[in-house]
Amino acid sequence: MESNRQKKIAGILQQDLVDVLQRAASEGGLKGIIISVSKVSVTVDLSMAKVYLSIFPNKEAEPLLEGIKSNKPLIRHELAQRTRHQLRRMPQLEFFIDDSLEYIDGIERSLKGEENPLENPDLLGKRKKS
């Protein structure tokens, strides 16, 4: 369970990360790409922050995530400058792709389309993980 301090820091980081990443994307010439920070979770000792990103279109997600990871020191420095009056020490950042919306969309497509396992039980054999 997160403490109030962890939630507050996560909220501050989330807001500032959205600004930093969207500004970097627009200055970098990436048009038609939406980057949103869906969640930030901070460890108890405030030394690490896990950042979950939703990137649209999905085909651009992996290359963009690699670019973000390679620029992690610059992003961390920019965040430290923005939060210098609120945080003593900037947490280390770890970036991950948030694919929960993709997962939900896949379930909806399966239930609406011909891949409905409720109507066609033969599909259940394909979906079981070995």
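Residues numbered from 1 in each chain as written. Predicted model: local features only at pLDDT ≥ 70, side-chain atom pairs only at ≥ 80, totals over all residues. Heavy atoms only, no water.

Caption draft 1: Fine view of the pairing of strand 2 (residues 48-56). Here strand 1 (residues 34-42) pairs with strand 2 via eight bridges, running antiparallel. Looking across to strand 2, one finds that I34 is bridged to F56. The antiparallel pairing of strand 1 with strand 2 creates a hairpin that spans five residues between the two strands, and L46 there sits at a positive phi of about 60°. (Pairing = 2+ DSSP bridges. Helix = DSSP H or I, 4+ residues; strand = E, 2+ residues; numbered from the N terminus.)

Caption draft 2: Main features of the confidence of the model for the protein. The pLDDT averaged across the protein works out to 86; a share of 88% of its residues lies at or above 70. Within the protein, helix 5 (residues 123-127) has the poorest average pLDDT of any element, 61, and strand 3 (residues 92-97) the best, 95. (pLDDT = per-residue confidence, 0-100.)

Caption draft 3: Region of the structure containing the environment of L53. Within the secondary structure, L53 sits in strand 2. According to the relative accessible area criterion, L53 is buried, its value standing at 0%. Residues L53 and V40, spaced 13 residues apart in sequence, show a C-alpha to C-alpha distance of 9.0 Å. Ignoring anything within four residues of it in the chain, the contact list for L53 reads L21, S36, V37, S38, L65, I68, F95, F96, I97 and D98. (Buried < 20%, exposed > 50% of the residue type's maximum accessible area, 1.4 Å probe, protein only. Contact = heavy atoms within 4.5 Å.)

Caption draft 4: Here's a closer look at the sheet that holds strand 3. Taken in spatial order, the three strands of this open sheet run 1-2-3, and their pairing is mixed. A strand with exactly one partner marks an edge of an open sheet, and here the two such strands are strand 1 and strand 3. Averaged over all adjacent pairs, the angle separating strand axes in this sheet is 30°, with direction ignored. (Axes fitted to C-alpha atoms, helices over the stretch in contact; angles between N-to-C directions.)

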